[in-house]
Amino acid sequence: MEKLRADNKFALAVYLWGAITGIISGALSVQNKAAWIIGALMFLLSDVFIKAVLRGDFPEELKALDGGALRVAILKKAFWGWLLFWLYFTMLVYTIGIDFKPVPYNNQSLLAQMMNSS
């Protein structure tokens, strides 16, 4: 089997961290609405998680960097992938946690017809 490229490993680590932080953020948000902020702040630990998972097998543009420059480069490169996974999993876990039930405000709406037909 072919070995994963460093770019793909980096992306998978970012997505995994986004899912982990999203699940934590969503679960905490069920108890306290301000917990979304905790989840968002967990983004700042992305570089620590990614360094631990990749163990130095970084994409080419990150291999030459050290210290603070590496941290900033990882955070910049990981932002959008992390944000989308974090937001998705936060909303998913929060919605499941509060036991959301849709409420149709118009009896003629498609939602009301779907809920009343069963």
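Up top is the structure.
Criteria and thresholds
Residues numbered from 1 in each chain as written. Predicted model: local features only at pLDDT ≥ 70, side-chain atom pairs only at ≥ 80, totals over all residues. Heavy atoms only, no water. Salt bridge = Lys/Arg side-chain N within 4 Å of Asp/Glu carboxyl O. Helix = DSSP H or I, 4+ residues; strand = E, 2+ residues; numbered from the N terminus. Buried < 20%, exposed > 50% of the residue type's maximum accessible area, 1.4 Å probe, protein only. Core = buried A, V, L, I, M, F, W, Y, C linked by side-chain atoms within 4.5 Å. Contact = heavy atoms within 4.5 Å.

Asks: Lay out the pattern of salt bridges with the relevant residues and their values.
Replies: Side chains that differ in sign of charge can pair as their charged atoms come close. Taken as a whole and judged by the stated rule, the model has seven salt bridges. Ionic pairing is found between Lys 77 and Glu 61, a salt bridge with its closest N-O pair at 2.7 Å. Taken together, the residues Lys 77 in helix H5 (residues 67-97) and Glu 61 in helix H4 (residues 60-63) connect sequence positions 16 residues apart. Taking the relative accessible area as the measure of exposure, Lys 77 reaches 39% and is therefore partly exposed. Here Lys 101 makes a salt bridge to Asp 99, at a shortest N to O gap of 3.2 Å. Owing to a relative accessible area of 54%, Lys 101 belongs among the exposed residues under this scheme. Members of the salt-bridge network, linked through shared partners, are Asp 47, Lys 51 and Arg 71.

Asks: Outline the nonpolar core, supporting the account with residue identities and numerical values.
Replies: Side chains of a nonpolar character, in soluble globular proteins, are inclined to be buried together. Counting residues in hydrophobic clusters, the biggest one holds 18 residues, and the most contacted among them are Phe 10, Val 14, Ile 50, Phe 58, Leu 62, Ile 74 and Trp 82. Mapped by element, the contributors of at least two residues to this core are helix H1 (6-31), helix H3 (46-54) and H5. Considering each element in turn, this core owes the most residues, seven residues, to H5. In contact with Phe 58, other than residues within four places in its own chain, are Ala 6, Ile 50, Lys 51, Lys 63, Leu 70 and Ile 74.

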